[in-house]
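# Residue-level structural notes
The lines below spell out each chain.
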Amino acid sequence: MRVISGIYKRRRFDVPHTFKARPTTDFAKENLFNVLSNNYFDFEDGVTALDLFAGTGSISIELVSRGCDRVISVEKDPQHLSFISQMMREVKTDKCFPIRADVFRFIDKCSEQFDFIFADPPYALKELESIPTRIFESGILKEDGLLVLEHGKENHFEDDPHFIERRAYGHVFLCNRIASFWSCRKIPFNSNAEDGSYIKAFTSKLCSKLRKSIFVEPTVERVSSLTISLECKKPF
């Protein structure tokens, strides 16, 4: 298992062959972080992250290497968790906090909020499709945060109101890995406002945050007298 970029670039860690979980391939990880870095985050800008179903810690160590301020790694398997802990000790970082826990129980009880949440559950997990809903209902994703869920090609989330985009990557003759992205951003609605300047200002800020991504023009939908939901979706 190799770190792609950052302060630990090219560092390698030997994953025991007895492990059930296998690390994300270099190809897949590099593609994922290219999307994140180019369109969503400067990881050195105080980003806090949650790595669910952390497995071998491949994503966790990459996040720490790229400058995340705080990374929580949640993994149920004790051997996997021990491996993650040992890896963080080897690089002498205090930015990663491995936690042994059931992911769904952790989501229900967690009181901390995160800028970025990554989840890579077993593709056969029967509760897989409930993960985005559970995360949004728990409130652990910050208002301007991003959720990325890796899943098999048979899962589709495009109808989810928080859905942003879907990315497929993989190799010929192997099942594609799919990463779906979610975010939800809300702003106070001033019913006495004489113009839409507050909407324009917020839209400008969001577009700047997404940088020059491949999104269509944001649309604004008034959902109540107190809230406006703004959503960007990639055209398909």
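Here the structure is a predicted model, which means the values were calculated and not measured.

Within the chain, the secondary structure is distributed over six helices and ten strands. Taken across its 236 residues, the chain has 47% of its residues classed as buried. A separation of at least 24 residues holds for 66% of the contacts in the chain among residues at least 6 apart in sequence. When the accessible area of the chain is evaluated, it comes to approximately 12,600 Å², of which 49% is carbon and sulfur surface.

Right, let's talk about the packing of helix α1 (residues 26-39) against helix α2 (residues 58-65) for a bit. Where α1 meets α2, the axes come as close as 12 Å, and the angle between the chain directions of the two elements is 45°. Here α1 lies oblique to α2, going by the angle between them. Along this stretch, α1 crosses α2, giving a crossing that reads as right-handed. In this structure, α1 uses Lys29, Leu32 and Phe33 to contact α2, whose residues at the interface are Ser58, Ile59, Glu62 and Leu63.

You can see serine 65 is positioned in helix α2. In this structure the side chain of serine 65 is engaged in a polar contact, spanning 3.0 Å, whose partner is the backbone nitrogen of tyrosine 8. For serine 65, the contacting residues outside a window of four places in its chain are Val3, Ser5, Gly6, Ile7, Tyr8 and Lys9.

Looking at the chain as a whole, the pLDDT averages 78, with 71% of positions reaching at least 70. In the model of the chain, strand β10 (residues 227-231) stands out as the element of lowest mean pLDDT, 39, in contrast to strand β2 (residues 70-75), which has the highest, 98. Contacts for the low-pLDDT stretch residues 185-206, under 50 throughout, to residues beyond four places or in other chains number 38 contacts.

Oppositely charged side chains can form a pair if their charged atoms are brought close together. Going through the model one piece at a time under the given rule, you end up with eight salt bridges. Arginine 66 is the salt-bridge partner of glutamate 62, the closest N and O atoms lying 2.8 Å from each other. In this structure, lysine 76 and aspartate 102 form a salt bridge, with 4.0 Å as the shortest nitrogen-oxygen distance. Here the residue lysine 76 occupies a position in the loop between β2 and α3 (78-90), and aspartate 102 occupies one in the loop between β3 (96-100) and α4 (103-109), the gap between them amounting to 26 residues. On the basis of relative accessible area, aspartate 102 is assigned to the partly exposed category, the value being 24%. When salt bridges with common partners are traced through the structure, they connect Lys29, Glu62 and Arg66 into a single cluster.

End to end, α3 covers 18 Å across 13 residues, agreeing with the expected 18 Å (1.5 Å per residue, within 8%). What α3 keeps buried is the set His80, Leu81, Phe83, Ile84, Ser85, Met87 and Met88. Packing partners of the buried residues in α3 comprise α2, β2 and β3. Two or three places before glutamine 79, at the start of α3, stands the capping residue aspartate 77, its side-chain oxygen 2.9 Å from that residue's backbone nitrogen. Two residues or fewer past α3, lysine 92 is found with a positive phi of approximately 55°.

Now for the packing of aromatic side chains. All chains considered together, the criterion is met by six aromatic pairs. Summarising the aromatic geometry, the rings of phenylalanine 19 and phenylalanine 83 are spaced 5.7 Å apart at their centres and angled 85° between planes, so their arrangement reads as edge-to-face. You can see phenylalanine 19 sitting in the segment before α1 and its partner phenylalanine 83 sitting in helix α3, a full 64 residues away along the chain. The same class applies to phenylalanine 19 as to phenylalanine 83, namely buried.

Here the focus is the layout of surface pockets. When its volume is computed, the largest pocket comes out at roughly 650 Å³. What lines the largest pocket is a set of 30 residues, and nearest its centre among them are Ala21, Phe53, Glu75, Asp120 and Pro122. Broken down by secondary-structure element, the contributors of at least two residues to the lining of the largest pocket are α2, β2 and α4.

This brings us to the nonpolar core. Among the nonpolar cores identified, the biggest contains 33 residues, and Phe13, Leu36, Phe43, Ile61, Leu63, Phe116 and Leu146 are the most heavily contacted of them. Mapped by element, the contributors of at least two residues to this core are α1, α2, α3, β4 (114-119) and β5 (141-151).

What counts, and where the lines are drawn
Residues numbered from 1 in each chain as written. Predicted model: local features only at pLDDT ≥ 70, side-chain atom pairs only at ≥ 80, totals over all residues. Heavy atoms only, no water. Helix = DSSP H or I, 4+ residues; strand = E, 2+ residues; numbered from the N terminus. Buried < 20%, exposed > 50% of the residue type's maximum accessible area, 1.4 Å probe, protein only. Contact = heavy atoms within 4.5 Å. Areas by Shrake-Rupley, 256 points an atom, 1.4 Å probe, with all protein chains shown as cover. Axes fitted to C-alpha atoms, helices over the stretch in contact; angles between N-to-C directions. Parallel < 35°, antiparallel > 145°, perpendicular 65-115°, else oblique. Left-handed = near helix turned anticlockwise from the far one by under 90°. Polar contact = N/O pair within 3.5 Å; in protein donor to acceptor, adjacent residues only side chain to side chain. pLDDT = per-residue confidence, 0-100. Salt bridge = Lys/Arg side-chain N within 4 Å of Asp/Glu carboxyl O. Expected span 1.5 Å × (residues − 1). Phe/Tyr/Trp six-rings, centres within 6.5 Å; stacked < 30°, edge-to-face > 60°. 1 Å grid on protein atoms, 1.4 Å probe; cavity = no way out; pocket = protein on both sides within 12 Å on 5 of 7 lines; lining within 4 Å. Points joined across faces, edges and corners; volume = space filled by probe spheres on them. Core = buried A, V, L, I, M, F, W, Y, C linked by side-chain atoms within 4.5 Å.

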